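# Observations on chain architecture
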Amino acid sequence: MSSRIILDKDIYKNKTLLLRKGSVLDSYLLQKLNNFGISNSEISGFTSAEISLQEAQRVLIVQKNRFDNRRIREIIEFAGFAPKNIFINNDSSYFDEIDFNKLNFLFIDDEFFTQELAAKIFMGLEKNRLKIFVLNHDINSSDTINFNSDFISVKYLHKPLAKDYIKALIKIYG
């Protein structure tokens, strides 16, 4: 293992805590875990390079429900993003003030993601690549907005959102 891994969950053996979430795992510790019978497939986390990249990226969350905002924020922090780079709002009235070029990810409630907003985002982007995750999208709805652009990707998500699912999406689309 050439790079270090930052664990995203605690590692236990027979109900005994071996390493805490957030621990940095190098080849020496990996060998020790293997000696305890922990296989590499049981270990999950982020490389230090992924964490550095995620800490530098900015995320905006826009949902009506404050509880959902907190939950998404926790999931995004779990995925390795720096809390100082996660911004939250509960309404869409301030979209004219946002510089979407300064964002890397937008998690937005389906109700707020309109054709008008999509056009504003598309027209305003310069070089930044923006990943948009539309939350609470009705699985039976065919009402989607898609882009043919190298700068914007849109992914529609349905409830419930699980931490590991969001983490995987960020790895894939980030």
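For clarity, every value in this text was computed on a predicted model and none was experimentally measured. (Residues numbered from 1 in each chain as written. Predicted model: local features only at pLDDT ≥ 70, side-chain atom pairs only at ≥ 80, totals over all residues. Heavy atoms only, no water.)

### Things to note about unusual backbone geometry
The phi torsion of most residues other than glycine is negative, and most of the peptide bonds are trans. Here the phi dihedral of N14 falls at roughly 50°; this positive angle occurs in a residue that is not glycine. Of the residues examined, N14 reaches a relative accessible area of 68% and is grouped as exposed. In the Ramachandran plot, K15 falls in the positive-phi region, its phi being about 70° despite a non-glycine side chain. With respect to the secondary-structure elements, K15 resides in the loop between β2 (11-13) and β3 (16-19). For K15, a relative accessible area of 81% corresponds to the exposed category. (Buried < 20%, exposed > 50% of the residue type's maximum accessible area, 1.4 Å probe, protein only. Helix = DSSP H or I, 4+ residues; strand = E, 2+ residues; numbered from the N terminus.)

### Description of the sheet that holds strand β7 (residues 86-89)
The strand order across the open sheet built from five strands is β7-β6-β8-β9-β10, with neighbouring strands paired in parallel fashion. Both edges of this open sheet fall to β7 and β10 (152-156), since each of them pairs with a single strand only. With strand direction ignored, the average angle separating the axes of adjacent strands in the sheet is 15°. Note that strand β8 (residues 105-109) and strand β9 (residues 130-135) share five bridges and pair parallel. Note on β9: the bridge partner recorded for F105 is K131. (Pairing = 2+ DSSP bridges. Axes fitted to C-alpha atoms, helices over the stretch in contact; angles between N-to-C directions.)

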